[in-house]
Amino acid sequence: MHEIIAKQGLSPNVTRLDVKAPRIAQIRQPGQFVIVHLAEGAERIPLTIADADPERGTIALVIQAVGKSTRDLVALEPGQAIAGIAGPLGKPTELIEKGRALCVGGGVGTAVVHPIAQGLKRRGIPVHSIIGGRSREWVIFEPELRQLGEVTVCTDDGSYGRKGFVTDAARELLAAGGIDMVYAVGPVPMMRAVVNLTRPLGVPTIVSLNPVMVDGTGMCGGCRVTVGGQTLFACVDGPEFDGHHVDFDGLMDRLGTYREFEQRASQACEAGQCRVGLH
Amino acid sequence: MSEKYTTRERLKIDRQKMSEQDPQVRNANFAEVNLGLQEKVALLEAERCLQCRDPKCVSGCPVMVNIPRFLDLLSEGNLAGAAQSLLSDNALPSVTGRVCPQETQCEIECIRGHKGLPVAVGYLERYVGDWAQGHRDQVPMQVAPATGRRVAVVGAGPGGLTAAGELARRGHEVTVFEALHKPGGVLVYGIPEFRLPKKIVEDEVSRLEQAGVKIVCNTVIGRTYTIQELRAEFDAIFIANGAGLPVFMNVPGENFKGVYSANEYLTRVNLMSAYQFPRADTPVLLGRRVATVGGGNVAMDSARTAKRIGAEASMIVYRRTRKEMPARAEEIHHAEQEGIEFEFLVAPVEVVGNEKRWVTGLKCVRMKLGEPDASGRARPEIIPGSEFVIPCDVVVVAIGTRANPLLTATCPELKLNKWGNIVVDEQGMTSLPGVFAGGDIVRGAATVILAMGDGKRAAAAMDEYLKTAPRLSRSAAVAV
Ligand SMILES: Cc1cc2nc3c(=O)[nH]c(=O)nc-3n(C[C@H](O)[C@H](O)[C@H](O)COP(=O)(O)OP(=O)(O)OC[C@H]3O[C@@H](n4cnc5c(N)ncnc54)[C@H](O)[C@@H]3O)c2cc1C
Ligand code: SF4
Ligand code: FES
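For clarity, every value in this text was computed on a predicted model and none was experimentally measured.

A.B. asks: Report on the overall build of chain B, specifying residues and quantitative values.
C.D. replies: In terms of regular secondary structure, chain B is built from 19 helices and 16 strands. Radius of gyration (C-alpha) of chain B: 23 Å, near the 23 Å computed for a compact globule of 480 residues. Taken over the C-alpha atoms alone, chain B extends approximately 65 × 65 × 50 Å along its principal axes. Counting the 480 residues in chain B, one finds 59% classified as buried.

A.B. asks: Could you give an account of the interface of chain B and chain A, naming the residues involved and the relevant values?
C.D. replies: Listed by partner, the interface residues are 43 residues for chain B and 46 residues for chain A. When chain B packs against chain A, close to 3600 Å² is buried across both sides, 54% of that on carbon and sulfur atoms. It is Arg223(B), Asn255(B) and Asp281(B) in chain B that bury the most area against chain A; as a group they hold 20% of the surface buried on that side. Applying the counting rule to chain B against chain A returns 20 residue pairs in polar contact (both at pLDDT 80 or more). Those elements that provide at least two residues to the side of chain B that touches chain A are strand E5 (245–246), strand E6 (259–261) and helix H14 (262–269) of chain B. Here the residues of the side of chain B that touches chain A sort into 22 nonpolar, 10 polar and 11 charged.

A.B. asks: Kindly report on the site of ligand 2, identifying the contributing residues and their values.
C.D. replies: Every residue lining ligand 2 is accounted for by Cys61(B), Pro62(B), Ile67(B), Asn90(B), Cys100(B), Gln102(B), Gln105(B), Cys106(B), Val121(B), Glu125(B) and Ile449(B). Of the residues that constitute the shell around ligand 2, the class distribution is 7 nonpolar, 3 polar and 1 charged.

A.B. asks: Describe the nonpolar core, with residues and values.
C.D. replies: Among the nonpolar cores identified, the biggest contains 75 residues, and Leu74(B) and Leu124(B) are the most heavily contacted of them. Considering each element in turn, this core owes the most residues, 8 residues, to helix H19 (residues 448–468) of chain B. Those residues within four positions of Leu124(B) in sequence are excluded, and the remaining contacts are Leu37(B), Ala42(B), Glu45(B), Ala46(B), Phe70(B), Leu71(B), Leu74(B) and Val119(B). By size, the runner-up hydrophobic cluster in this structure holds 40 residues, among which are Val203(A), Phe233(A), Val236(A) and Leu251(A).

A.B. asks: Just give me the short version of the site of ligand 1, but keep the residues and values in it.
C.D. replies: Residue and element names in this part refer to chain B. Val99, Gly159, Glu178, Arg195 and Ile221 are the nearest of the 34 residues found near ligand 1. A distance of 3.2 Å separates an oxygen atom of ligand 1 from a polar atom in the backbone of Ala446. Protein chains bury 94% of the 990 Å² of accessible surface belonging to ligand 1 in isolation. Of all the elements in the fold, those that place two or more residues in the shell around ligand 1 are helix H10 (158–169), helix H15 (297–308) and H19. Among the elements that make up the shell around ligand 1, the one with the highest residue count is H15 (3 residues). The residue makeup of the shell around ligand 1, split by class, is 18 nonpolar, 11 polar and 5 charged.

A.B. asks: Lay out the pattern of salt bridges with the relevant residues and their values.
C.D. replies: Under the criterion given, the structure shown has 53 salt bridges over all chains. For Lys7(A), the salt bridge is made with Glu77(A), and the minimal N-O distance between the two is 3.0 Å. Of this pair, Lys7(A) sits in strand E1 (residues 2–11) while Glu77(A) sits in the loop between helix H2 (68–74) and strand E6 (81–82), and the two are 70 residues apart along the sequence. The class for Lys7(A) is partly exposed, based on a relative accessible area of 29%. Measuring nitrogen to oxygen at the nearest pair gives 2.9 Å for the salt bridge that ties Glu32(B) to Arg126(B). Here the residue Glu32(B) occupies a position in the loop between helix H2 (23–26) and helix H3 (39–47), and Arg126(B) occupies one in helix H9 (residues 121–134), the gap between them amounting to 94 residues. By relative accessible area, Arg126(B) is classed as buried at 6%. Linked by salt bridges that have partners in common, Glu20(B), Arg26(B), Arg195(B), Asp301(B), Arg304(B), Arg308(B), Arg328(B), Glu330(B), Glu331(B) and Glu338(B) make up one network.

A.B. asks: Pulling in residues and values, what's your account of the sheet that holds strand E9 (residues 341–343) of chain B?
C.D. replies: Residue and element names in this part refer to chain B. One open sheet accounts for 5 strands, arranged E6-E14-E7-E8-E9; its pairing is parallel. In the strand order of this sheet, the two ends are held by E6 and E9, each with one partner. On average, adjacent strands in this sheet sit at an angle of 25° to one another, irrespective of strand direction. Where E6 lies against strand E14 (residues 394–397), 3 bridges are found, and the strand directions are parallel. Looking across to E14, one finds that Tyr260 is bridged to Val396.

A.B. asks: Give a description of the environment of Asp301(B) that names residues and reports values.
C.D. replies: Residues and elements named next belong to chain B. Locating Asp301 in the fold gives a position in helix H15. In the structure, Asp301 is positioned 97 residues away from Ala398 in sequence and 9.6 Å away in space, judged by C-alpha atoms. Once residues within four sequence positions are removed from consideration, Asp301 is found in contact with Gly190, Ile191, Pro192, Phe194, Arg195 and Leu266.

A.B. asks: How would you summarise H15(B) if you had to cite specific residues and measurements?
C.D. replies: Residue and element names in this part refer to chain B. The first and last C-alpha atoms of H15 sit 16 Å apart over 12 residues, in line with the 16 Å expected at 1.5 Å per residue. Burial analysis of H15 places 10 of its 12 residues in the buried class, which makes it a mostly covered element. Along H15, the residues that are buried comprise Ala299, Met300, Asp301, Ser302, Ala303, Arg304, Thr305, Ala306, Lys307 and Arg308. Just downstream of H15 lies Gly310, where phi reads positive at about 115°.

A.B. asks: Now, about the pairing of strand E1 (residues 150–154) of chain B: what can you tell me, with residues and values included?
C.D. replies: Residues and elements named next belong to chain B. Within E1, 5 of the 5 residues are buried, leaving the element largely enclosed by the surrounding structure. Where burial is concerned, the two faces of E1 agree: the one with Arg150, Ala152 and Val154 and the one with Val151 and Val153 are both buried. In this sheet, strand E2 (residues 173–177) lies alongside E1 in parallel orientation, the contact comprising 5 bridges. Bridge pairing links Arg150 to Glu173 in E2. Chirality of the crossover, the property in question, places the unit of E1, H10 and E2 among those that are right-handed. Sheet topology places E1 next to strand E4 (residues 236–239); 4 bridges connect them, and they run parallel. Of the residues in E4, the one forming a bridge with Val151 is Ala236.

A.B. asks: Talk me through unusual backbone geometry; I want residue IDs and the actual numbers.
C.D. replies: Following Gly87(A), the chain continues to Pro88(A) via a peptide bond in cis, the omega torsion being -5°. For the bond running from Phe277(B) to Pro278(B), omega is 0°, close enough to zero to count as cis. Look at Gln51(B): it is not a glycine, yet its phi comes out positive at around 50°. Within the element layout of this structure, Gln51(B) appears in the loop between H3 and helix H4 (56–60). Gln51(B) sits in the partly exposed class, given a relative accessible area of 23%. Here the phi dihedral of Arg357(B) falls at roughly 65°; this positive angle occurs in a residue that is not glycine. With respect to the helices and strands, the residue Arg357(B) is situated in the loop between strand E10 (346–353) and strand E11 (359–372).

A.B. asks: Tell me about the environment of Met315(B), and please be specific about residues and values.
C.D. replies: Residues and elements named next belong to chain B. Relative to the assigned elements, Met315 resides in strand E8 (residues 313–317). The exposure class of Met315 is buried, given its relative accessible area of 2%. Sequence-wise, Met315 and Met300 are 15 residues apart; in three dimensions their C-alpha atoms are separated by 9.6 Å. Every residue in contact with Met315, bar those within four places of it in the chain, is listed here: Arg289, Val290, Ala291, Thr292, Glu341, Ile390, Pro391 and Cys392.

A.B. asks: Could you give an account of the confidence of the model for chain B, with specific residues and numbers?
C.D. replies: For chain B, the mean per-residue pLDDT works out to 93, and 98% of the residues sit at or above 70. Scoring of the predicted complex yields 0.93 for pTM and 0.91 for ipTM.

A.B. asks: Break down the sheet that holds E4(B) for me, with residues and values.
C.D. replies: Residues and elements named next belong to chain B. Here 5 strands make up an open sheet; going across it, the order is E3-E2-E1-E4-E16 and the pairing parallel. This sheet does not close on itself; its edge strands, each paired only once, are strand E3 (214–216) and strand E16 (435–437). Within this sheet the neighbouring strands show an average axis-to-axis angle of 20°, counted without direction. The pairing of E2 with E3 spans 3 bridges and is parallel. Each bridged residue has a counterpart across the sheet, and for Thr175 the counterpart in E3 is Lys214.

Analysis parameters
Residues numbered from 1 in each chain as written. Chains lettered and ligands numbered in written order. Predicted model: local features only at pLDDT ≥ 70, side-chain atom pairs only at ≥ 80, totals over all residues. Heavy atoms only, no water. Helix = DSSP H or I, 4+ residues; strand = E, 2+ residues; numbered from the N terminus. Rg over C-alpha atoms; globule rule 2.2 N^0.38 Å. Buried < 20%, exposed > 50% of the residue type's maximum accessible area, 1.4 Å probe, protein only. Contact = heavy atoms within 4.5 Å. Buried area = accessible area lost by both parts, 1.4 Å probe. Polar contact = N/O pair within 3.5 Å; in protein donor to acceptor, adjacent residues only side chain to side chain. Nonpolar A, V, L, I, M, F, W, Y, C, P; charged D, E, K, R; others polar. Near = heavy atom within 4 Å. Core = buried A, V, L, I, M, F, W, Y, C linked by side-chain atoms within 4.5 Å. Areas by Shrake-Rupley, 256 points an atom, 1.4 Å probe, with all protein chains shown as cover. Salt bridge = Lys/Arg side-chain N within 4 Å of Asp/Glu carboxyl O. Pairing = 2+ DSSP bridges. Axes fitted to C-alpha atoms, helices over the stretch in contact; angles between N-to-C directions. Expected span 1.5 Å × (residues − 1). Right-handed = clockwise from strand over helix to strand, strands pointing away. pLDDT = per-residue confidence, 0-100.

Here's what the structure looks like:
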């Protein structure tokens, strides 16, 4: 059992849970994730390890409540516990050895960018982060990223930072030159837009993919993605890949597989049949 | 052999039948198909054994279960004795009695089978195994005094669980590390409830726990701990992490929505209980027409599962003929009874989809059988111009699995063969001293009983190894 030690709302639908998982806290590396299994009957959900405190033995999970399963998770309060957390899974981020890095985070993807920026900073790599959200209250992890380097905040409505998409800010920064590697994590259209910016410039770009997963150990193949024409399993070969070779259309499409089920689950949940509600 | 019958009378006893749920009822539920034998029926079937002096059935069994001995005790009504005898050869008889391909192992060798039907060894094994589960106190596990040795087992499938039991019995302190949230391996995520109720596996696991085995789930060796880290902490290790890497067909359209590996399909339904959605949270696409590619147990399980979760048509697509199908005979028979349709001599060449990339069909070619290949089975050849489309909305790919490289990739010291399987010596020891391996990770996708046999043999070899192996000074890095 993994106790919730702290809980914090980061944006209207994004919650941070600090959860006891001492071994994972000790050895996790940037880019890695865990599979969380709340209780018998719950889904197994992959979540990036956004941060860790090895002394306290906790990891930070940043959860966007989009469906029933994620809503069940964010309904947990400190003192309650998650039945199973397996990890750390996936390959660690390929951190550059020298040069300058640009990290682009959109929405909850900003939480995934955070450990990457941490890793880069630890290596002495200067990091510029561009993060964004719809409006001010949707911007997350800004203070944490400010400790690791320069940060540009963008909001769609201009209520905070500069008005516009993260890609607009990225375009300007890349045009100025001097960026050796881009790490981009966010909604699929955002990652695709960043990759389209960096491709003509020849700037290598790593993206983190979030396909549907079940086991997270390479056993089911549900997480398969196409990269450079090859079928790879995101849970063991990724989740980070060379963005210039990722088939984003295919990813986007497969992410829609259970849309109808998600709606049904949410309806059942609203009708009072939520897992946590039953406890 | 009881005194009740003469040999002549004994030869007159017909093979007893297993009662089953009605096919038209069971193809809509997940309860077990086979209902088990009544005690008097089991005893009568046991009387059919002729107690041959050179029992061929025993050599047909991969772990050489002393079949005549337990049947003899059973026929006398000595159930505790029969159970004791059987369990000393086979740790999981309730499981193997249900899933072993008896018709190609023990029963095919049965002398009675030369004229007429063989003794129903599988049914009786199941009967005695189930009896033992219900009468734990009469077949206690004898645990030797503690040796002070710590042993790790990787993977809680049949191979790992068998090794764990054998090692615990010998007084070693055993910890099993399992990647998933539930122990059992293929027995819980792959083989469906209607063939092997989960309760049986849970019972076996609790028996191991009572004998002092510690089972640590959600722990992925190669990620949470490496083999080298375990080596610093445990005096010996047994790796039985299975062959859980699904093979796909490599045809166009395989990433359309509605294409599953059998592993994913069965895991969603079995381990994650997707058939209870939305009471369970994990969904599975409910195809109206489901095409399953393959001819093994995995394919039968998938096709029969599809029917149970509501498919109007569930089809098996297989490149060869019924005769070559590697599935257990009983599973093929049950599938036919349940209304599964079979397309023989057919091979998929493409998954067809609509503009939204949902599966709408499986494009196939017809095959004919040519010369035998390396496996001795006739090699299927394509009949030119024979393309056709099977309309379907879900495709399940059940054409095999390979060694999962996750663990081995993080332990380069382990010698592998060209398929990525771990290489072991006759003792089951890998290229790393004190590290043993068995089951599907060594053999490639094989069978439950072979994995169990490996676990048992390796446990004996590990016990020998531990008699002389140096004692570790532990760092306590692996906190369990
Ligand atoms: C659907 C299906 C039906 C089958 N039907 C039959 C049948 O009727 N009869 C028969 O004899 N055989 C059958 N088989 C084959 C049989 O199940 C396998 O041969 C057998 O289970 C192999 O046992 P194992 O212990 O080697 O591995 P598995 O049962 O595969 O167990 C391996 C375990 O290790 C875990 N693991 C994997 N990697 C790691 C890691 N890195 N760290 C920790 N744990 C890990 C896995 O999660 C799993 O629990 C079937 C297989 C399938 C898939
Ligand atoms: S273990 Fe399998 S092969 Fe051996 S006797 Fe039992 S059923 Fe037959
Ligand atoms: S999640 Fe099952 S293989 Fe990746």
